[in-house]
There are 4 protein chains.
Amino acid sequence: MNGIAPWRERVRVVIFEADTRMGKAFDVALLLAILASVGAVMLDSVASVRAEHGQALDAAEWVFTILFTVEYVLRLACVPVPRRYARSFFGVVDLLAILPTYLSLLMPGAENLLVIRGLRLLRIFRVFKLGRFLGEASILRKALADSRHKVTVFLGTIAILVTILGTAMYLIEGEGNGFTSIPISVYWAVVTMTTVGYGDIAPQTVLGKALATVVMITGYSIIAVPTGIVTAEIVEHAVAAKQVATRSCPSCFSEDHDRDARFCKSCGAELDGGATAS
Amino acid sequence: MNGIAPWRERVRVVIFEADTRMGKAFDVALLLAILASVGAVMLDSVASVRAEHGQALDAAEWVFTILFTVEYVLRLACVPVPRRYARSFFGVVDLLAILPTYLSLLMPGAENLLVIRGLRLLRIFRVFKLGRFLGEASILRKALADSRHKVTVFLGTIAILVTILGTAMYLIEGEGNGFTSIPISVYWAVVTMTTVGYGDIAPQTVLGKALATVVMITGYSIIAVPTGIVTAEIVEHAVAAKQVATRSCPSCFSEDHDRDARFCKSCGAELDGGATAS
Amino acid sequence: MNGIAPWRERVRVVIFEADTRMGKAFDVALLLAILASVGAVMLDSVASVRAEHGQALDAAEWVFTILFTVEYVLRLACVPVPRRYARSFFGVVDLLAILPTYLSLLMPGAENLLVIRGLRLLRIFRVFKLGRFLGEASILRKALADSRHKVTVFLGTIAILVTILGTAMYLIEGEGNGFTSIPISVYWAVVTMTTVGYGDIAPQTVLGKALATVVMITGYSIIAVPTGIVTAEIVEHAVAAKQVATRSCPSCFSEDHDRDARFCKSCGAELDGGATAS
Amino acid sequence: MNGIAPWRERVRVVIFEADTRMGKAFDVALLLAILASVGAVMLDSVASVRAEHGQALDAAEWVFTILFTVEYVLRLACVPVPRRYARSFFGVVDLLAILPTYLSLLMPGAENLLVIRGLRLLRIFRVFKLGRFLGEASILRKALADSRHKVTVFLGTIAILVTILGTAMYLIEGEGNGFTSIPISVYWAVVTMTTVGYGDIAPQTVLGKALATVVMITGYSIIAVPTGIVTAEIVEHAVAAKQVATRSCPSCFSEDHDRDARFCKSCGAELDGGATAS
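Remember, it's a predicted structure, so these values are computed and weren't measured experimentally.

The secondary structure content of chain A amounts to 12 helices and 0 strands. Secondary structure elements of chain A, listed N to C terminal, follow the sequence α-α-α-α-α-α-α-α-α-α-α-α. For chain A, the accessible surface area stands at approximately 13300 Å², while carbon and sulfur atoms represent 66% of it.

Shown next, in the form of structure tokens:
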């Protein structure tokens, strides 16, 4: 960062860092602007509000878009490697958050895509109590990542189950009772097994109700499986996070020794602060 | 509490303590009165009951209000520092529990706010088996407090997810199928993702049903996350509560002895502070 | 059991024990008869079935009732202390299972109460693989009993929450939108917070939908709490059940020593089979 | 496998093994064909699609059926013991996946049974990252198998509960409000207790709504039980899987060493079978 013009560095600190007073003020103002602009897009979709305040909301939309465009250009201008920012997750989101307004000049309706600005709110975790929140999120992320395979097996099994049960309902109920096709019946099976239960389609025949009972009990019972998987992972990670602060070997620097260990499990050297530090 | 008039002290013991016979009788009578008055408010809102017993219920309401007003004044009068009671959680609730009746003289309808008296029932935990119940509640409270950050991250992510999925449904289904605005569509996404599923709004198009399937499966799966978080916390707290009394051996410094252990399990030396520290 | 007539003892073994061949055959026949009679009662309530087979079902009902009456009298006759059986859980259920038919002579409709016979099916756990099933059930029962207090606190809090949220909805939505009284609104709050969501009552106003969102998210989140409580209990009990088989002290016969303990934690005597049995 | 003709062995490796390039290509092609054929059956059930592309879908169905028939015959021909394959789970599924098309020549409508082909997708776990996925599935399977008895007790209790609560609702609500028979009322109880809540049947009377509240709270609370059971099992299995490799020290006989430990953590002696058993 040596060859950078001083004003770029100063702007970068304000925009990208949250530790200085200016930086924090900027971040909070940005979050409020994002919230306001997402709120404006949502209100604009309500017919009665649009009829009354349509022009004001359109104006607000353009003001926010221009502000965010200036911010995006500044971000590009002040980072050392603009390409890296442009390709990062937040860089892409920042771009997507301004494009729909310009697109709406060509395609009416595109302005609804502006709610993608909501993703920018993810910055909120970076602004307030950064470390702690990210730490929590990272334990969650790790637990979810580690249970990925088990959950995939689980969801795969559910998908096959739902297809077969949905088809069975299609054959049992027939087209007269709302189960007009296999995809619709599979949709019903998903609605039922996840215990959502809209009620727009519901079995009418005795046999159909009997099968629906099976689907419901199944859904109610297997909800236990992902819960069990994720819980077990989180318990394990929480335990691991606690043990992480154990001692390192003074001779080979290996870590992860048990609390009651007296000798290094990797090289056999005596550990300091062991249970019987005689 | 020395300078207090004796009658105040005697009243205070009856009203605030639950250990004496008089105090317990007072508390039980109070709880019954609260239950009866909340029941009266609820019944009063049922048209057919109000038509028949409206006057009796109004009378009951005034009787309860006057009783509770006397009680409130007595509480203020007998505590050493009235201001502290008036500002405490229960002090505020006690005041809010009598205000609506007086307000209803000015604003008809305010008497419905009387159900806030329900909060007074929280005293029930204090009256019956105080210690144990509060102990349980405090483990729960601690577990919930410790998982606060993780749950905040979780709810924040859900909020952003629901906004984006709701908008997608609005764009897919259009205004003809009940998804009349983005806020309504976000409301639908919440109804679906929490597996409530009223069915007042439901997708009609094929693409909408496909997206709804994704929303349901997501909701069904991520219900595992808060469960996992809270469970892990409770397991940890329960374990910690057990290990809190861990002592180390005075002779070999080994740890991890059971709470009821009198002798070291590693070297057989007597432990301090054992169950029978004779 | 000495002074009992031999035939009574023989009948008792057949009726009450499940280990002999006769006893097991009797139990299986009984279970089938109970299932058949419950099925008959259920079918009898279906209008189309009753129209066609009403008389046959009535006849079956009387046959089953007379059979069960004979069985009940035999049970009373062959146990050493009839009063104790008559007052036991199964004794009361056995009586309740025959009374409704006789009652239906006086009060038509009472025969529907016969489904209480379903409770007799609880015997099934006694007949098949008795020990194991009861063992499992008893761990469950213990876990549930131990989490009773926490669950009571939890349900109490929910009850107060639901009352206040339901009243708020009544005030917000007004009587026009189905929220016709506070009890109905509280019912709606329960339907929503438990994620059942019938959809027979649903908020229509913007503010009502916003509050409904809060209710749903709350319900979806706090489902984690009882799960966490019960899970933690079961984990603890399962762990305790595993450690129960540890060694007993050869000198003071105390139990419950850790697996790696070398000395008795109660008296300090050396344990056999310890980790370092030097 | 010595006496087998070389071409049979070569075909067997391609069809049954997933490790060679040819074998993997075959498996992937097969999975795509299964997905395409299941998709064709589902689309064929949609009236509008059938009207337009009916003949093409019928043709595709026959093409897939003939392909799968050839594959089935080849599988039978190339395994050493055809009978064993024919009777295995996948052998039966492979047969069931082709029969309906031939059956549909005799019974129109039988072709809907083709979705049973979906079960063939279970092969997917075998093709991609075989070991890991199967390993995950086997921990799940073991946890579920071990919790079988507890879950059976749980489901049995629910079945009895639902029968009795459903009958109570039938007696309370009467036939006018949709609770037309006991089986229908039991069906309603299942819909409610599993928190699905279609809303096609809902209580109308005050007493009915009160009982429904009890059913909902019960359902909402006891969902914790299977979750607790399964979670406890998974935690136990995960812990057991970690401890399975526990070795004891050859010098001091202490146990509980980590899997990657080379030296005893208690006395520092070298362990057998360590990570680097040089």
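Glancing now at the confidence of the model for chain A. All names here are of chain A. Averaged over every residue, the pLDDT of chain A is 77; the share at 70 or more is 76%. When pLDDT is averaged over each helix and strand of chain A, the minimum, 60, is found for helix H7 (residues 124-127) and the maximum, 92, for helix H10 (residues 182-193). Low pLDDT, under 50, characterises residues 273-278; the stretch is placed with 10 contacts to residues that sit more than four places away or in other chains. The ipTM assigned to the predicted complex is 0.76, against a pTM of 0.79.

What follows deals with the side chain of Ser37 of chain D. Residues and elements named next belong to chain D. Tracing the sequence through the fold places Ser37 in helix H2 (residues 21-44). With relative accessibility at 1%, the residue Ser37 sits in the buried group. Setting aside its immediate chain neighbours within four residues, Ser37 contacts Phe64, Phe68 and Arg117.

Okay, unusual backbone geometry next. Backbone phi values are negative for most residues with the exception of glycine, while trans is the configuration of most peptide bonds. All names here are of chain B. If you check the backbone angles, Thr195 has positive phi at about 60° while not being a glycine. Mapping Thr195 onto the fold places it in the loop between helix H10 (182-193) and helix H11 (206-222). Here Thr195 falls in the buried class, since its relative accessible area comes to 4%.

This paragraph deals with the packing of aromatic side chains. All names here are of chain A. Applying the stated rule across the entire model yields 20 aromatic pairs over all chains. Plain terms: the ring middles of Trp62 and Tyr102 are 5.8 Å apart, the flat faces sit at 70° to each other, and that makes the pair edge-to-face. Here Trp62, found in helix H3 (residues 47-78), pairs with Tyr102, found in helix H6 (residues 99-106); they are 40 residues apart in sequence, far enough to count as distant. The partly exposed category is assigned to Trp62, whose relative accessible area is 30%. Relative to Phe90, the ring of Phe89 has its centre 5.4 Å away and its plane inclined at 65°; by these criteria the two rings are edge-to-face.

Here the focus is the environment of Arg141 of chain B. Residue and element names in this part refer to chain B. Here Arg141 shows up in helix H8 (residues 130-146). A relative accessible area of 53% means that Arg141 is categorised as exposed. Considered as a pair, Arg141 and Ile234 are 93 residues apart in the sequence and their alpha carbons are 10.0 Å apart.

With that out of the way, let us pick up the pattern of salt bridges. Evaluated as defined, the whole model comprises 12 salt bridges over all chains. Measuring nitrogen to oxygen at the nearest pair gives 3.8 Å for the salt bridge that ties Asp94 of chain A to Arg75 of chain A. Taken together, the positions of Asp94 of chain A in helix H5 (residues 89-96) and Arg75 of chain A in helix H3 put the pair 19 residues apart, joining distant regions of the chain. Comparing Asp94 of chain A with Arg75 of chain A, the two get one shared label, buried. Arg12 of chain C is the salt-bridge partner of Glu9 of chain C, the closest N and O atoms lying 3.2 Å from each other. Highlighted residues: Glu9 of chain C and Arg12 of chain C, both in helix H1 (residues 6-16), separated by 3 residues, approximately one helical turn. Classification of Glu9 of chain C by relative accessible area gives partly exposed; the value is 25%.

All names here are of chain A. Of note, Leu95 is situated in helix H5. Under the relative-accessibility criterion, Leu95 is labelled partly exposed at 32%. Distance from Leu95 to Thr69, taken between C-alpha atoms, is 8.2 Å for residues 26 residues apart in sequence.

All names here are of chain B. Between its terminal C-alpha atoms H11 stretches 24 Å, which fits the 24 Å expected from 17 residues at 1.5 Å a residue. Here H11 has its buried residues at Gly208, Lys209, Leu211, Ala212, Val215, Met216, Gly219, Tyr220, Ser221 and Ile222. With a side-chain oxygen lying 3.0 Å from the backbone nitrogen of Gly208, the N-terminal cap of H11 falls on Thr205.

We now examine the side chain of Thr167 of chain C. Considering the arrangement of structural elements, one finds Thr167 of chain C in helix H9 (residues 148-173). One polar contact links the side chain of Thr167 of chain C to the main-chain carbonyl oxygen of Thr163 of chain C, over a distance of 2.8 Å. Leaving out residues up to four positions away in the same chain, Thr167 of chain C has contacts with Asn112 and Val115 of chain B together with Ile182 of chain C.

Judged by nonpolar contacts, the single largest core of 214 residues is most densely connected at Trp188 of chain A, Trp188 of chain B, Trp188 of chain C together with Trp188 of chain D. Excluding its chain neighbours within four sequence positions, the residues that come into contact with Trp188 of chain B are Tyr198 of chain A together with Met169, Phe179, Ile201, Ala202, Pro203, Ala212 and Val215 of chain B.

Attention shifts here to helix H10 (residues 182-193) of chain C. The end-to-end C-alpha distance of H10 of chain C, which contains 12 residues, comes to 16 Å, matching closely the 16 Å that a straight helix rising 1.5 Å per residue would cover. Lining the buried residues of H10 of chain C we find helix H2 (21-44) of chain B, H9 and helix H11 (206-222) of chain C together with helix H11 (206-222) of chain D. Just downstream of H10 of chain C lies Thr195 of chain C, where phi reads positive at about 60°.

What follows is about the packing of H1 of chain C against helix H2 (residues 21-44) of chain C. Residue and element names in this part refer to chain C. Running from N to C, H1 and H2 point in directions that differ by 55°, and their axes come no closer than 6 Å. Compared by their axis directions, H1 and H2 come out oblique. Residue-level inspection shows Val13, Val14 and Ile15 of H1 in contact with H2, the latter providing Met22, Gly23, Phe26 and Asp27. Taken together, the residues that form the contact of H1 with H2 break down as 5 nonpolar, 1 polar and 1 charged.

Reading guide: rules and limits
Residues numbered from 1 in each chain as written. Chains lettered and ligands numbered in written order. Predicted model: local features only at pLDDT ≥ 70, side-chain atom pairs only at ≥ 80, totals over all residues. Heavy atoms only, no water. Helix = DSSP H or I, 4+ residues; strand = E, 2+ residues; numbered from the N terminus. Areas by Shrake-Rupley, 256 points an atom, 1.4 Å probe, with all protein chains shown as cover. pLDDT = per-residue confidence, 0-100. Contact = heavy atoms within 4.5 Å. Buried < 20%, exposed > 50% of the residue type's maximum accessible area, 1.4 Å probe, protein only. Phe/Tyr/Trp six-rings, centres within 6.5 Å; stacked < 30°, edge-to-face > 60°. Salt bridge = Lys/Arg side-chain N within 4 Å of Asp/Glu carboxyl O. Expected span 1.5 Å × (residues − 1). Polar contact = N/O pair within 3.5 Å; in protein donor to acceptor, adjacent residues only side chain to side chain. Core = buried A, V, L, I, M, F, W, Y, C linked by side-chain atoms within 4.5 Å. Axes fitted to C-alpha atoms, helices over the stretch in contact; angles between N-to-C directions. Parallel < 35°, antiparallel > 145°, perpendicular 65-115°, else oblique. Nonpolar A, V, L, I, M, F, W, Y, C, P; charged D, E, K, R; others polar.

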